[in-house]
Amino acid sequence: QRYRELQYHQFTASNKLIKKGWDFCFDGIASCNEVIYETQLSKINFDGKDKILAELKVLRAFYYYCALDGWGNLPYSVDYTDSSYPVQKDRKFLFDFIVKEIKDNISKLDEVPSAENYGRVTQGMAYTLLAKMYLNAQEWTGTAMWKDAEDACYQVISKGHYQIEDDYATNFAVHNENSKENIFNIVYSTVHTESDHNAFIVYLLTLHPASCATFNIPTSPWDGFVCQPDFFQSYDSTDIRRKDTWLYGQQYDIAGKKLDSVIYTPVFDASKYATGRAKYDGAKLCKWSYQTDGTLSSDQVSMENDFPLFRYADVVMMYVEALVRQNRASEAVQLADFQKIRTRAGLKPYTEDQLTLDELLKERGREFAWEGCRRQDLIRFGKFQDAWWAKPAGSAKVKLYPIPTEVLNANPNLVQNPM
């Protein structure tokens, strides 16, 4: 039910998923506050101490960015010793705080990505975060900052430390730590992130149990999520990303033998969503490669794939969007990395006439499916309230989540978002 509420934009302050999202943000902020305080309190000085503090402050800015995106007006606290109820600040105050934290600390971060700073805050991560702030500034503050977004993206592009991989699937492989495209990752492990709260369990959420035979998976999936048929139909039939992202059609076991009657139907009637899908309705997610080598035991749920929060392709496409919004599409279509995003998908690069904002939103959907970008993108492009498959048109109020009931009751300084 709670997932249905999100799909239909009928969520309330008691929705458990919204509370989990809030906890992710503010547990992260609180942890950063504590470690920053302890690090600053320590009289021990060592090489790299300033860098560690800079990483923590930009990481805290990232958590505030996530919360700003979701809830807008937030309780603000950066003092670990302050035990009073945090005061609620508006989006403009928080926007300025996040941007300042990034800019004040970015020069102290590592510029060159390496095995030593993998999964940590680097200059590439910080400039990408800054670009996302500027790209959404019009929605969040009322002031467009497209040129600032362009400049922040260029800081990543011009340094040449990242590149568009030749193979889209490289970014989501079992051992994708070697991707030259992934900038900032959540690092997962079958050993170190095996607990229920930390595991990477995407296959449990998405695959049908029949796919155990396809991928040699010992733990039975839930068949909980499928691709919206209208989104599946937005791909060109020759788009390699459709095959790399979604599992559909006749299914086979790991040896290539046909699984009789197991045919995943990617397009099905919207009325079935309300009454229950047929057994094999819907394309299943296969974007992150599954560990088919048989090394997972029956009681393991996590995988080794890391989850890219920021990817260089996103930087390139944000840069392109910033140019298009400044009426500079003719420059955008000439960008070699942008052309490669298309050609590696088996498609022709865009011409200037083709590169409209509507088409760019569709292309972002195909490139970043299941990477956590879509809600923010739809809001920025003014499409979030629109009707789509199995969802009627809605109110602009849904652009902000309600503050969870438990949080609101615990802090008298908080005022609920419009619902």
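Predicted, not measured: the structure shown is a model, and the values here were computed from it.

### Overview of helix α2 (residues 16–41)
For step 1, the next point in the chain: Along its 26 residues, α2 runs 37 Å from first to last C-alpha, staying within 8% of the 38 Å computed at 1.5 Å per residue.
For step 2, the next point in the chain: Taken together, the buried positions of α2 are occupied by L17, I18, W22, C25, F26, G28, I29, C32, N33, I36 and T39.
For step 3, the next point in the chain: Residues of α2 that are buried in the fold lie against α1 (2–8), α3 (49–71), β1 (74–76) and α18 (405–410).
For step 4, the next point in the chain: The backbone nitrogen of L17 lies 2.8 Å from a side-chain oxygen of the residue at the head of α2, namely N15.

### Some words on the packing of aromatic side chains
For step 1, the next point in the chain: According to the stated counting rule, one finds 36 aromatic pairs in the structure shown.
For step 2, the next point in the chain: Ring geometry for F231 and Y235: centres 5.5 Å apart, planes at 80 degrees, overall edge-to-face. Across the pair, exposure class does not vary: F231 and Y235 are buried alike.
For step 3, the next point in the chain: Every member of this aromatic cluster is reached through a ring pair, and the members are F11, W22, F26, Y64, W71, Y76, F93, F97 and Y401.
For step 4, the next point in the chain: Stacked on the ring of F384, the Lys or Arg R375 has its end atom at 6.0 Å from the ring centre.
For step 5, the next point in the chain: We note K391 situated over the ring of W388; from NZ or CZ to the ring centre the distance is 4.3 Å.

Cut-off values and rules
Residues numbered from 1 in each chain as written. Predicted model: local features only at pLDDT ≥ 70, side-chain atom pairs only at ≥ 80, totals over all residues. Heavy atoms only, no water. Helix = DSSP H or I, 4+ residues; strand = E, 2+ residues; numbered from the N terminus. Expected span 1.5 Å × (residues − 1). Buried < 20%, exposed > 50% of the residue type's maximum accessible area, 1.4 Å probe, protein only. Contact = heavy atoms within 4.5 Å. Polar contact = N/O pair within 3.5 Å; in protein donor to acceptor, adjacent residues only side chain to side chain. Phe/Tyr/Trp six-rings, centres within 6.5 Å; stacked < 30°, edge-to-face > 60°. Lys NZ or Arg CZ within 6 Å of the ring centre and 35° of its normal.

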